[in-house]
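# Architecture at a glance
Residue strings, one per chain:
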Amino acid sequence: MLPVGQVADGHQRPIWRDNGDPMRPTFTPSVLARNGHRMDRDKKECWCNFEQRTGRKSPFKCGICHSFVTAGRIQFLSDSTHELAWQTFDLPDWS
Ligand SMILES: [Zn+2]
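Now for a look at the structure at hand. (Residues numbered from 1 in each chain as written. Predicted model: local features only at pLDDT ≥ 70, side-chain atom pairs only at ≥ 80, totals over all residues. Heavy atoms only, no water.)

### Digging into the coordination of the zinc ion
So the rule is basically this: Ligating atoms shown are N, O and S within 2.8 Å of the metal, or 3.2 Å for Na, K and Ca, and water is not included, meaning a site may look less than complete. Donor angles set the geometry label: tetrahedral for four donors if every angle is between 85 and 135 degrees, square planar for four and octahedral for six if opposite donors exceed 155 degrees and the others are between 65 and 115, irregular for anything else. Burial here depends on accessible area, computed with a 1.4 Å probe over protein chains only, as a share of the maximum for the residue type. Under 20% is buried, over 50% is exposed, and the range in between is partly exposed.
Protein ligation of the zinc ion involves His-37 (ND1), Cys-46 (SG), Cys-48 (SG) and Cys-62 (SG), the donor distances falling in the range 1.8 to 2.4 Å. Given four donor atoms and angles of 101 to 122° at the metal, the environment of the zinc ion is assigned as tetrahedral. Summarised as a motif, the one-chain spacing of the donors to the zinc ion is H-x8-C-x1-C-x13-C. By relative accessible area, which is 6% here, Cys-46 ends up buried. For Cys-48, a relative accessible area of 55% puts it in the exposed group.

In structure tokens form, the structure reads like this:
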């Protein structure tokens, strides 16, 4: 299961525009993926206490991944909880 993608204004279904250049795509608006207690509706039962609740090892961590894709480069914004926050990377070749 992957985290549910959400656009920054809170709509459940991302609606992305691209700039028509498949080699250097730009997606607008930014892409926000939230997982576990970082999701508004899931505060009590999250991955942080999964192990306690079920006795099984948690396969995921609660977190936020917030990114912009501009001209073929992905930038992770500062509110991302993972270690790639603030960094920008070239997208892999999708063709
Ligand atoms: Zn949590």
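Now that the structure is up, let's keep going.
### Comments concerning the environment of Met-39
What counts, and what does not: A run of H or I in DSSP counts as a helix once it spans at least four residues, and a run of E counts as a strand once it spans at least two, with each numbered from the N terminus.
Considering the arrangement of structural elements, one finds Met-39 in the loop between β2 (27-35) and α1 (50-54). On the basis of relative accessible area, Met-39 is assigned to the buried category, the value being 15%. For the pair Met-39 and Ile-64, spaced 25 residues apart in sequence, the C-alpha to C-alpha distance is 8.8 Å.

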